[in-house]
Amino acid sequence: MAHIDITGFQGIKTLSLALDEATTLIGENAWGRRSFLNALEKVMGPQGADARFEDSDFYQQSRQLNIALTFVERHGGHWRRLRYRPLRSVMWGRADGHMRLRLCWRAIKGQGSELTFVDASGQLLLSGKAAVRLARHLLTLHPLLRLGFPDTEHLEQSPWLKTLLENPEQFQEQALTQGLGAVKALLARYFTDPMPAKRPRDRLAMARQPINWEAIRTLEQVINQSASRQTRLALLGLFGVLMTRTEAQPVARLSRPLLLLDMPEARLHPVMLATFWSLVVQLPLNRLLITQSAELLGAQDLLAIRRLVRRQGELSCYQLKHPLREDDYRRIGFHLRVNRPASLFARGWLLVEGETEIWLMSELAHLSGVHLAAEGIRVIDFAQCGLKPLVHLARDMGIAVQVLCDGDEAGNRYASQVRGLLGGAAEASLTQLPAKDIEHFFYQEGYQALFHQLARWRGVEQPSAIIHAAISRQSKPELALRIAEEAGRRGKEGVPVLLRRLFSQLRQAALASAPKD
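Draft legend 1. Expanded view of the overall build of the chain. A count of helical and extended segments in the chain gives 21 helices and 17 strands. In terms of its C-alpha atoms, the chain occupies a principal-axis envelope of roughly 90 × 55 × 45 Å. Here the chain holds 517 residues, and 51% of them are scored as buried. Partitioning the intrachain contacts of the chain with sequence separation of at least 6 by distance along the chain shows that 75% fall at a separation of at least 24. Of the roughly 23,800 Å² of accessible surface on the chain, 50% is carried by carbon and sulfur atoms. Of note, the chain has its 66 positive side-chain charges centred 6 Å away from the centre of its 52 negative side-chain charges.

Draft legend 2. View of the layout of surface pockets. Space inside the second largest pocket adds up to approximately 660 Å³. Forming the boundary of the second largest pocket are 28 residues, of which Val72, Glu73, Arg74, Tyr84 and His142 lie nearest the centre. Counting only elements with at least two residues in the lining of the second largest pocket, the list comes to strand S4 (64-72) and strand S6 (99-108). The biggest single contributor to the lining of the second largest pocket is S6, with three residues. Tallied by class, residues from the lining of the second largest pocket come to 16 nonpolar, four polar and eight charged.

Draft legend 3. Summary view of helix H15 (residues 409-422). Here H15 spans 20 Å end to end across 14 residues, near enough to the 20 Å set by a 1.5 Å rise per residue. Those residues of H15 lying buried are Gly411, Tyr414, Ala415, Val418 and Leu422. Viewed end-on, H15 has its buried residues packed into an arc of 100°, placing them on one side of the element. Exposed residues pointing more than 90 degrees away from the buried face of H15 are listed as Glu409, Arg413 and Gly420. Check the buried side of H15 and you find it contacts helix H14 (387-396), strand S16 (400-405), helix H16 (426-429) and strand S17 (430-432).

Draft legend 4. Inspection of the packing of aromatic side chains at higher detail. Counting across every chain of the model gives six aromatic pairs. Pairing Phe382 with Tyr414 gives two aromatic rings, centres 4.8 Å apart and planes at 85°, and the pair type is edge-to-face. Taken as a pair, Phe382 in the loop between strand S15 (377-381) and H14 and Tyr414 in helix H15 lie far apart in primary sequence, 32 residues in all. The burial state of Phe382 is the same as that of Tyr414; both residues are buried.

Thresholds applied
Residues numbered from 1 in each chain as written. Predicted model: local features only at pLDDT ≥ 70, side-chain atom pairs only at ≥ 80, totals over all residues. Heavy atoms only, no water. Helix = DSSP H or I, 4+ residues; strand = E, 2+ residues; numbered from the N terminus. Buried < 20%, exposed > 50% of the residue type's maximum accessible area, 1.4 Å probe, protein only. Contact = heavy atoms within 4.5 Å. Areas by Shrake-Rupley, 256 points an atom, 1.4 Å probe, with all protein chains shown as cover. Lys, Arg positive; Asp, Glu negative; His and termini not counted. Charge placed at Lys NZ, Arg CZ, Asp CG, Glu CD. 1 Å grid on protein atoms, 1.4 Å probe; cavity = no way out; pocket = protein on both sides within 12 Å on 5 of 7 lines; lining within 4 Å. Points joined across faces, edges and corners; volume = space filled by probe spheres on them. Nonpolar A, V, L, I, M, F, W, Y, C, P; charged D, E, K, R; others polar. Expected span 1.5 Å × (residues − 1). Arc of directions from axis to C-beta. Phe/Tyr/Trp six-rings, centres within 6.5 Å; stacked < 30°, edge-to-face > 60°.

Laid out in structure tokens, this is it:
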């Protein structure tokens, strides 16, 4: 599946989501995850072709809902395969040479629903019983398979799974062995054992996907390598929903399902999560991952990450669209995704030149009444990474950006670069210090006595020499902590007005990019 459009379903007013072979969705708690999962299970589950919609499925006061799935062949010519022959009459192509199918559900409250196939422009190709028959065939070839710890509904449908998760100490060892054997048999449809040799990752793949959790393992090897009962219980729990689904309706042998992984990090230690993921990546299936794990996010391709933000029911979907150089991917991979893996979950970034500003900003913001972590704001030093890739990434992902730079020659270049990148929005997103660097700025803002003390200065007033002496005796990061400590004693008035204004702008920008009910 390559695209899903949802309008007026449960908590989703509108959503248009493009999918890759392995797509990752991130968002804050209220982005509409439950409604999205319900929509997928409604139309791609065992009864998808015969889906019926209740009044509770309609968004607020809406009287109509629409769900459309677009399928695109992965490689040109797949449409000629025998299993796709019944669907050829509703296929259509584009300039890229790949054939497509678009399957639509439309429901009007109190008047029932209709399933149709349409073309690229939305013109009807097939409806009625013939469309339902072809939809059953299509969804048999491309069903939805879900992995993840079950919710209350799935637990009520499966007593053995409820016992496993709620009273694991009462789950019998024989039942655990039998369950894992059933999981192994199920995955044998997609596993190749032994695994074929995999091509080594190239430089670009490493840069875009910096954390490598792939491993040549089979389920049996994982179980044998870890005799821990807790490990085996966790694996069976993760595969439990899939087991329940396939018990009710087996998956066709030639099918290529969409594998939905719903927050697999729940209840898993990071080591166990890495083990589980090493199994998942071996399945030659399209994957759709929903996660709040920074570590797991680092194991995904940057181009396949979608950030969803809910605003009055409308789901805005953000993804990296600016073409970056290979070197930019490497810098982002190291600087953000390895060293600051939670950055993509933030609402706003404060980009600063170096370590000194990082130590200062959180403390000074707190004194100003702005709590960066609670506001969803991350302070990131950009000098080693470069401004351009970070600004492009933030803007494409819907993350607010504020840049703080010095007033020296390098700072002038940074400011000029920000203006070139942001255009008319630059002035609201840029703060340049009226001093050559952050130390000189604080010296001018009433911290002379502190610098004199740290430099042990007794001679004539020479600001640059005093600052240099203080840095030589303390180091720049230690000096930053001393300034923050002194500011704490002075309270809010110890924070320069320029920085208080910066924090206020940053908070407003972060609020603007936050979800809104």
